[in-house]
Amino acid sequence: MEQLAATLRSPRAPLAPPTTGRIAVVGCGYWGKNLVRVFHQLGALHSVCESHPAGMEVARQTAPDVPVLSEYEAVLRDPQIDGVVIATPAETHFRLGIQALEAGKHLYVEKPLALNYREGLTLVRQAQAKGRQLMVGHILEYHPAIIELNRRVRAGQLGTLQYVYSNRLNLGKVRREENILWSFAPHDIAVILRLVGDLPLEVCATGGAYLQPNIADVTITNLLFDKGVRGHIFVSWLHPYKEQKLVVVGSSSMAVFDDTLADRKLTVYDQGIDWVDGQPVPRKKDGEVVTLARVEPLKAEAEQFLHSIQTGEPPITDGASALANLEVLQAAQRSLSLHGQPVALGVAPARAWETL
Ligand SMILES: NC(=O)c1ccc[n+]([C@@H]2O[C@H](COP(=O)([O-])OP(=O)(O)OC[C@H]3O[C@@H](n4cnc5c(N)ncnc54)[C@H](O)[C@@H]3O)[C@@H](O)[C@H]2O)c1
């Protein structure tokens, strides 16, 4: 933890002069094809690197005028490429990411940044040493509903934050290396840390592995923050229907973010419990649907990477926030292996979370 704070306090090396932000996307699978699409739409896609013929074909269809390379070394060698976007399976993130930074590229890594904190820290340090941007794909931080929700929480419009929970449930996509916690929960952790504005003091996680030995399909992680704020994260890829719901309970009102709805994604309820003559009386109101900017979160995320390359300003989802996320994941993983025993985290890093 002290190491993290020290890393965050150490000065960044000067950035190279602004560039045009020519991007190579590495991996054009289930998720990478979306990144290929948005960087192409933004006119910033230099090339796609994909090792499998099926992925190469998807890349050609998605961005017909862009070269598709099969060798990662060709990306690393090309001086025209400023930034590399890693959308390969999580177990390759560290190796491919460190190579990109060593080659002097700016780096955007899909979540999770790495599969352990130590490797994440090495990536962050290497980016600092090379004066390059490092960004992690915590897409919800670019979602207009989360930006608005965070604005309201910061402004005290929900009163004092008391409880936050996030359910991310679906059938598939089942991973073979990382468990459901590392696959799904980075999104929920990113949002909860942003809303609370701090790291938890301790976490406990339990779960079950039904499809593959020792790879949890379902986990529930409880987080305890300072001042009694609590949250839980329920994730599963073994669930009959898709649910992506975040509930925020404040002392004066409540909010629900439902990402499965086409519209009405964010609803605020002026509800709570009032004390009348010493008795707790529920105050029930209809929810108010919040009007949101029509922004595609992935496009906003891609624009952030280009902006950071061009201006030298760190992204919202920078190395520090990626490390905080890994720290919670690692503590939850440890608790999972201890059958739910609480695992303490150290002191909060020197990082202002209120910048969103
Ligand atoms: N932000 C999100 O909401 C979101 C959603 C899904 C997945 N993801 C993340 O995206 C990443 C990719 O997941 P996915 O579901 O697309 O996986 P996937 O297996 O469908 O696709 C990965 C692709 O990378 C290619 N690849 C692997 N190694 C390569 C290499 N060295 N060089 C070139 N190509 C290589 C594979 O051939 C494959 O096409 C993961 O980190 C995952 O966690 C993020």
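Residues numbered from 1 in each chain as written. Predicted model: local features only at pLDDT ≥ 70, side-chain atom pairs only at ≥ 80, totals over all residues. Heavy atoms only, no water.

## Quick notes on the pattern of salt bridges
(1) Moving on: A full pass over the atoms with the stated rule returns 12 salt bridges.
(2) Moving on: Salt-bridge contacts for Arg60 lead to Glu57; the nearest nitrogen and oxygen are separated by 3.5 Å. Highlighted residues: Arg60 and Glu57, both in helix H3 (residues 53–62), separated by 3 residues, approximately one helical turn.
(3) Moving on: The exposure class assigned to Arg60 is partly exposed, which follows from its relative accessible area of 40%.
(4) Moving on: In this structure, the salt-bridge partner of Asp188 is Arg168, at a minimum N-O distance of 3.0 Å. You can see Asp188 sitting in helix H8 (residues 180–196) and its partner Arg168 sitting in strand E7 (residues 161–171), a full 20 residues away along the chain.
(5) Moving on: By sharing partners, the salt bridges in this structure join Asp270, Asp274, Arg283 and Lys285 into a single network. (Salt bridge = Lys/Arg side-chain N within 4 Å of Asp/Glu carboxyl O. Helix = DSSP H or I, 4+ residues; strand = E, 2+ residues; numbered from the N terminus. Buried < 20%, exposed > 50% of the residue type's maximum accessible area, 1.4 Å probe, protein only.)

## Points about the side chain of Glu148
(1) Moving on: In this structure, Glu148 sits in helix H7 (residues 144–154).
(2) Moving on: Of the polar contacts made by the side chain of Glu148, one reaches the side chain of Arg152; its length is 2.7 Å. (Polar contact = N/O pair within 3.5 Å; in protein donor to acceptor, adjacent residues only side chain to side chain.)

## Details of the domain arrangement of the chain
Interface size is often expressed as the accessible area that is lost when the parts come together.
(1) Moving on: Each assigned domain of the chain is listed here: domain 1 (2–140 + 298–315) and domain 2 (141–295 + 330–337).
(2) Moving on: The distance between the C-alpha centroids of domain 1 and domain 2 comes to 28 Å.
(3) Moving on: In this complex, domain 1 contributes 18 residues to the contact, which on the side of domain 2 involves 18 residues.
(4) Moving on: Counting the surface domain 1 buries against domain 2, the share from its top three residues, Lys111, His138 and Leu140, is 44%.
(5) Moving on: Joining domain 1 to domain 2, the criterion identifies 0 salt bridges.
(6) Moving on: Along the contact surface separating domain 1 from domain 2 lie 7 residue pairs in polar contact (both at pLDDT 80 or more).
(7) Moving on: Counting residues per element, the side of domain 1 that touches domain 2 draws most heavily on helix H9 (residues 297–311), at 3 residues. (Domains from an automatic or database assignment. Contact = heavy atoms within 4.5 Å. Buried area = accessible area lost by both parts, 1.4 Å probe.)

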